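Okay, here's what each chain looks like letter by letter:
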Amino acid sequence: MAHQRRPRPRLSSSSYAQDIAPSNAAAAGPPGTPPTADLDPDSWSALLAPRLAQFAGVARHEHVTRAAQDMNVPQSTLSRAMVRLEQDLGVALFARKGRTVSLTPAGRAFLTSVEGALAEVERAAESVRADADPASGKVAFGFLHTMGSETVPELIRAFRADHPRVRFQLVQNYGEAMLEGLRAGELDLCLTSPIPEAPDLVARRLDEQRLRLVVPDDHRLAGRRRIRLAEAADETFVTLEPGYGLRRITDALCEAAGFRPRVAFEGEEAETLRGLVAAGLGVALLPPPAVARPGVVELTVTAPRAVREVGVAWLDGHPDTPPVAAFKRFLLSRRGHLLPD
């Protein structure tokens, strides 16, 4: 049987204009997404929301005049709003005796849900205000896995020397996933490589990091200190998966050296690749480790110039809260000094 949608509540043009402001219709989310308030101008949520706090105030005082004084609105306005609320619902919420009122059973049931909804609104408002607080707000900060052991902890330590109460939500991921996080509003800023070029993003170069050819310590090249990448054309490579920035850089450097890498293993994290190299399963182009790993030798690549640029990105036109703006300024002040030598 086809689903029949509940009839929309109807308002006279005069009451609608006085009691609510029209809002744009919201598109329904994809299947499986959590339910959201219907923002269609004719929906119950848009219709009732402006009156819920007034209803709760009258119910709490059980007196229209005292409630009007408490909420600093004219008594006549509040009275009309409650009458319209009952008319729109088609339910008597109050039993009236002069300006004194008492809740009907339907009104008491409605009040329980209204108080819960208003409490959620209060919590949501306090949460976003707390996150935007200049002294103790929150920064949602994304970064590459390779920067998690040393670079990011040092950045946060230095920043919090002057902003000791700012909180961080830290997200480690590969570059494309972080850019989607910016677009979805889940991240404020991210450190990524390569530096993205997209019309909806702003990106600033901060530093560059040399990449090294990592080989097993018993490899034929292990006695060398420097190497041209073309000399590794016949080697088996271990790399990050397609879609990772370092994989794109690896492919581009090998192409510049005149060959296409023969890939035996693909992973999601640089230190896992180092472990595969140590096990003799291939060679890899990787940034320097935070701590030297036994079983591998790291060779300087002399040609082509093997570096990756690291930058900070954010969503264009997205307003910054004070803590996000402060951390952005801090990151930009570290141009050329972001990464350890």
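Refer to the structure printed above.
Residues numbered from 1 in each chain as written. Predicted model: local features only at pLDDT ≥ 70, side-chain atom pairs only at ≥ 80, totals over all residues. Heavy atoms only, no water.

Undergrad: Can you explain the overall build of the protein chain? Please cite residues and give values.
TA: A count of helices and strands for the protein chain gives ten helices and 13 strands. Within the span of the protein chain, comprising 341 residues, buried residues form 41% of the whole. In the protein chain, 73% of the contacts between residues at least 6 apart in sequence involve partners at least 24 apart. Carbon and sulfur atoms make up 51% of the accessible area of the protein chain, which amounts to about 18800 Å² in all. (Helix = DSSP H or I, 4+ residues; strand = E, 2+ residues; numbered from the N terminus. Buried < 20%, exposed > 50% of the residue type's maximum accessible area, 1.4 Å probe, protein only. Contact = heavy atoms within 4.5 Å. Areas by Shrake-Rupley, 256 points an atom, 1.4 Å probe, with all protein chains shown as cover.)

Undergrad: Tell me about the packing of aromatic side chains, residues and numbers included.
TA: The geometry of an aromatic ring pair is captured by the separation of the ring centres together with the interplanar angle, meaning the angle of the planes. The full count for this structure, using the stated rule, is eleven aromatic pairs. What links up through ring pairs into an aromatic cluster is the set Phe 141, Phe 143, Phe 159, Phe 168, Phe 327 and Phe 330. Across from the ring centre of Trp 314, 3.9 Å away, lies the NZ or CZ of Lys 328, which sits over that ring. (Phe/Tyr/Trp six-rings, centres within 6.5 Å; stacked < 30°, edge-to-face > 60°. Lys NZ or Arg CZ within 6 Å of the ring centre and 35° of its normal.)

Undergrad: Outline the nonpolar core, listing residues and values.
TA: In terms of nonpolar packing, the biggest core is built from 37 residues, with Phe 141, Phe 168, Leu 189, Leu 191, Phe 327, Leu 331 and Leu 338 touching the most fellow members. Of all the elements in the fold, those that place two or more residues in this core are β3 (138-143), α6 (151-160), α7 (175-183), β5 (189-192), β6 (201-210), β13 (307-315) and α10 (322-333). Sequence-distant contacts of Leu 189, that is, excluding residues within four places in its chain, are made with Ala 140, Phe 141, Gly 142, Leu 182, Val 312, Ala 313, Trp 314, Val 324, Phe 327, Lys 328 and Leu 331. Grouped together as the second largest cluster of nonpolar side chains are 31 residues, Ala 222, Phe 237, Leu 240 and Ala 306 included. (Core = buried A, V, L, I, M, F, W, Y, C linked by side-chain atoms within 4.5 Å.)

Undergrad: Can you tell me about the sheet that holds β5, naming the residues and giving the values?
TA: Strand order in this open sheet of five strands is β4-β3-β5-β13-β6, and the pairing throughout is mixed. Looking at the sheet topology across the chains shown, the edges are occupied by β4 (167-172) and β6. With strand direction ignored, the average angle separating the axes of adjacent strands in the sheet is 20 degrees. Here three bridges tie β5 to β13, and the two strands are oriented antiparallel to one another. By the bridge assignment for β13, Thr 192 is matched with Gly 311. Most of the contacts of α10 go to β3, to which it runs at about 40 degrees, and overall it touches β3, β4, β5, β6 and β13. (Pairing = 2+ DSSP bridges. Axes fitted to C-alpha atoms, helices over the stretch in contact; angles between N-to-C directions.)

Undergrad: If you had to explain the sheet that holds strand β11 (residues 284-286) to someone new, which residues and values would you point to?
TA: Two modes of strand pairing occur in sheets, parallel and antiparallel, and in both the strands are linked by backbone hydrogen bonds. Taken in spatial order, the four strands line up as β8-β12-β7-β11 in an open sheet, and their pairing is mixed. Pairing within the sheet leaves two strands with one partner each, and these edge strands are β8 (226-228) and β11. Put simply, the sheet's adjacent strands are angled 45 degrees from each other on average, direction ignored. Where strand β7 (residues 212-216) meets β11, three bridges bridge the pair, whose relative direction is antiparallel. Opposite Leu 213, over in β11, you have Leu 285 as the bridge partner.

Undergrad: Outline helix α5 (residues 105-131), listing residues and values.
TA: The end-to-end C-alpha distance of α5 is 40 Å, a good match for the 39 Å that 27 residues give at a rise of 1.5 Å each. Residues of α5 that are buried include every one of Gly 107, Phe 110, Leu 111, Val 114 and Asp 131, and no others. (Expected span 1.5 Å × (residues − 1).)

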